[in-house]
Structure formats: structure tokens, C-alpha cells
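Overview (structure and organization)
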Amino acid sequence: MLVHGKHFRTIWLDDADPTQVCVIDQRSLPFEWRVETLQSVSDAARAIREMHVRGAPLIGVTAAFGIYLATLESTSNAFLQEAGSWLKQTRPTAVDLFYAVDRSMRAVLAVQEESARVRIARQTALEMAEESVEHCRKIGEHGLSLIRAISQKKNGKAVNILTHCNAGWLACIDYGTALAPVYQAWSEGIPLHVWVDETRPRNQGARLTAFELEQQGIPHTVIVDNAGGHLMQQGMVDLVLVGSDRTTRNGDVANKIGTYLKALAAYDNQVPFYVALPGTSIDPALTDGVRTIPVERRGEEEVKAIEGWDGRKRREVQLTPAGSPALNFGFDITPARFVTGLITERGVCSASENGILGLFPEWKRDI
Ligand code: MRU
């Protein structure tokens, strides 16, 4: 997508030195533009854990590049197994991470020769990046028909879409999941406007989604996380579109904390609530999201302080009494019954086992 008119993806190999992996340090956005190079598997693991990169598809692809960087350090089975396990310990919720490490390890360990291991790890990471771009492009196409239908019903008046967190190109390699249909619709000339939940505590909405939409010139308004219900009651939201870090076989969805409350408000106000996700975010082994999806718990300092821009540099200020404890779950689970539908690269389906297996029949045997 465009940044100051220039096309970027979120991760790429350095042209001059392809043993280095370049990423955008998303902790600096929207205030500063910093490209960082990852040179080892521990760099990749740190970038994921400390959220230089974030968003389920990008976490997965970064992990695949992490395995590539590991092969440049050593191709021994023992080192690679250890590298895979470091990467898997970085963040627990997005299943893309586990899928990417397992796929990459399978491909690499299937060959013995050192240079072949390096080549295959690199090729697998590049392939996964390309596949992710293609998945997101197709999610955009399938989601576009939903937006177009609403636009037609509104006789061309702007379609108001509410989104939570950042499920745009910064969370993926390009295009995004929840934002891909928005970009497609906008490029087709459909008038729209996006309500951007700020998404406390890390403010991925206020900082990253707003940055993306501003760069593409798409009308948007940042709202506090608690505003969505009121806007829905006032008829100011036509559609909710969010992403997913892990979707169970029966359609329960783990996404950024606060998503569940948006789904409840949407349900009560008959606002369609769609989740956009690639197949790599589906965990066919799980059938009860609330009980079985591992939900990341992060440090309390993210709740107790907030970072902003003071006009010259990023600065953090405290928000709470120093002695007050805080609790910080990164994700929540939206049960399938509150999800109107899933938008995937293979089409739109109901949030149900039948719906999912209809599009992904290869998982019928996976339980
Ligand atoms: O904690 P983050 O910023 O990694 O959380 C990201 C989200 O919750 C996204 O909505 C999700 O990964 C889907 S992204 C395409």
C-alpha cells in the first residue's frame, strides 16, 4: 500500500544483502517512519514479541523469515528445532505463527544438505509472503460485494464501516484483511467512511489504522473504544468489519480485546458483523473458542501508561495512580453466534463448522 505515495509491503529481503530481512518498526507509527533489519532468528523473535511487527498474518510470515535467518546461523537439526520453539513462544494467540513455523520447519528438515536448507527456508518464507498478499487481495474482492450491496441499498450515500484494532496492510504483507474490502470498495469509487476504534491499550486503531486510511485518502474518524454501541444505536454504522487472530472450526473468533463488545452491540442493533480472515488464521483443531483459544496476557504498564507525540519525540506518560494494579488481556473471543459471516480468500461463509468446511474441505479429516 502507499506511504507518502510510494508502495510498500511490511516485510521484504534487503536488495543489496538478502541475508537481511527488512520490516517497518510499527511501534514508531504514525509519528516516525523507521525500517529495521532483522539479522538473526533472535532478532525476528524479538520483533514479534515486542510488537515491532504485529497482526496475525505478518507475525506468521515474520516467523517464516525467522526460520530462514536461523538457517543462516546454523543448519543443524538441534539449532533449527530450538529456533522454531523460540519463535513459537513469542505470542500465543495468532495461530498463523504456529502454522508458519511448522510449515517452514517441515520443508527445511525434509532436506539434508546445508545450502539446500537455506534455499528452501528462504523460498518458503517468500512463498508464504506472496500467498498472504494473494489471500488478502481475494478477501478484498469477496468483501467488496458486501459493501457494494449496502451502498446500493443506501442509494450511493457513504457506507459507514466500523473497525477495531488494525487489520489493514500493516497487520499483513499488503492490503490487509478487514481493510482489504474497504480499499477495494474505495478504489471502485464506492463512497464510504470508516469509524476507527482507538483500541486501547496500544492504540493500534488510532495509530495504525488511522495512518493507513489517511495515507490512502479514505474518509475516517477515530472514536474512543466505548463509542461504537452508541453509534450503532443512532444508525451511524452500516457494517462492522474486523480481523481474526484465531478462528475455531465452529467459527468462534479471537481478535483484539474489545471485539466481543462490538459484536454484542452489533447483534443488539442488527448491524452486520463480519470477520475477514485468511485460511491460515483458522485453527481446525479447536471447537470451543472461549475455553480453548490461548489468550495473550501482556504487561500492566501498557494499561497504566500511554505513548504519544509531544511535537518533537514520542513520549510516554502515566495514566493511573502508580500503586493501582492493571490487567491486560490482549484478545477476547467472539462466539460464532454473534458473527454474521466470515470473509475468506475462498469466499464468504457462515461462522459455523458447515460454513468453514464448505470452503476448506481439506480440514474435514483434521479433527
Ligand atoms: O496485538 P496485535 O496488534 O498483533 O493484534 C492484531 C489484531 O488483533 C488484528 O485484528 C488481527 O491480527 C487480525 S489482522 C489481519
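Residues numbered from 1 in each chain as written. Predicted model: local features only at pLDDT ≥ 70, side-chain atom pairs only at ≥ 80, totals over all residues. Heavy atoms only, no water.

What follows deals with the sheet that holds strand β11 (residues 253-256). Pairing is mixed across the open sheet formed by four strands, whose spatial order is β13-β10-β11-β16. Single-partner strands in this sheet number two, and they are β13 (282-283) and β16 (331-334). Here strand β10 (residues 246-248) pairs with β13 via two bridges, running parallel. Residue pairing for β13: T247 is matched across the bridge by I282. (Pairing = 2+ DSSP bridges. Helix = DSSP H or I, 4+ residues; strand = E, 2+ residues; numbered from the N terminus.)

Further remarks concern the pairing of strand β17 (residues 341-344). Residues of β17 alternate between two faces, with G341 and I343 on one and L342 and T344 on the opposite face, all of them buried. Of the strand pairs in this sheet, strand β12 (residues 273-276) and β17 are connected by three bridges, and their pairing is parallel. Bridging across to β17, V275 finds its partner in L342. In this antiparallel pair of consecutive strands, β17 and strand β18 (residues 347-349), the connection spans two residues. (Buried < 20%, exposed > 50% of the residue type's maximum accessible area, 1.4 Å probe, protein only.)

What follows is about the side chain of N203. In this structure, N203 sits in the loop between β7 (192-197) and α7 (204-216). In this structure, N203 is in contact with E198, L208 and I306, ignoring residues within four places of it in sequence. (Contact = heavy atoms within 4.5 Å.)

Ranked by size, the top nonpolar core spans 39 residues in total, and within it I11, V21, F65 and L87 carry the most contacts. Contributions of two or more residues to this core are made by β3 (11-13), β4 (21-24), α1 (41-49), α2 (56-73), α3 (77-88), α4 (95-109) and α5 (114-153). With eleven residues, the single largest contributor to this core is α2. I11 has contacts with V21, C22, V23, L58, V61, T62, F65 and I173, leaving out every residue within four places of it along the chain. Membership of the second largest hydrophobic core comes to 33 residues, among which are L146, L170, Y183 and L192. (Core = buried A, V, L, I, M, F, W, Y, C linked by side-chain atoms within 4.5 Å.)

What follows deals with the packing of α1 against α2. Here α1 crosses α2 at 160°, and the two axes come no closer than 7 Å. Taken together, the axes of α1 and α2 are roughly antiparallel relative to one another. The handedness of the crossing between α1 and α2 comes out as left-handed. Of the residues in α2, those touching α1 at V41, A44 and I48 are I59, T62, A63, G66, L69, A70 and E73. For the contact of α1 with α2, a count of residues per class yields seven nonpolar, two polar and one charged. (Axes fitted to C-alpha atoms, helices over the stretch in contact; angles between N-to-C directions. Parallel < 35°, antiparallel > 145°, perpendicular 65-115°, else oblique. Left-handed = near helix turned anticlockwise from the far one by under 90°. Nonpolar A, V, L, I, M, F, W, Y, C, P; charged D, E, K, R; others polar.)

Of all residues adjacent to the ligand, which total 19 residues, the nearest are R54, A56, R91, N255 and K256. The side chain of N255 places a nitrogen or oxygen atom 2.7 Å from an oxygen atom of the ligand. Between the ligand and K256 there is a distance of 2.7 Å, counted from an oxygen atom to a side-chain nitrogen or oxygen. Burial of the ligand by the surrounding chains reaches 100%, relative to a free accessible area of 410 Å². Secondary-structure elements contributing two or more residues to the shell around the ligand are α2 and β11. (Near = heavy atom within 4 Å. Polar contact = N/O pair within 3.5 Å; in protein donor to acceptor, adjacent residues only side chain to side chain. Areas by Shrake-Rupley, 256 points an atom, 1.4 Å probe, with all protein chains shown as cover.)

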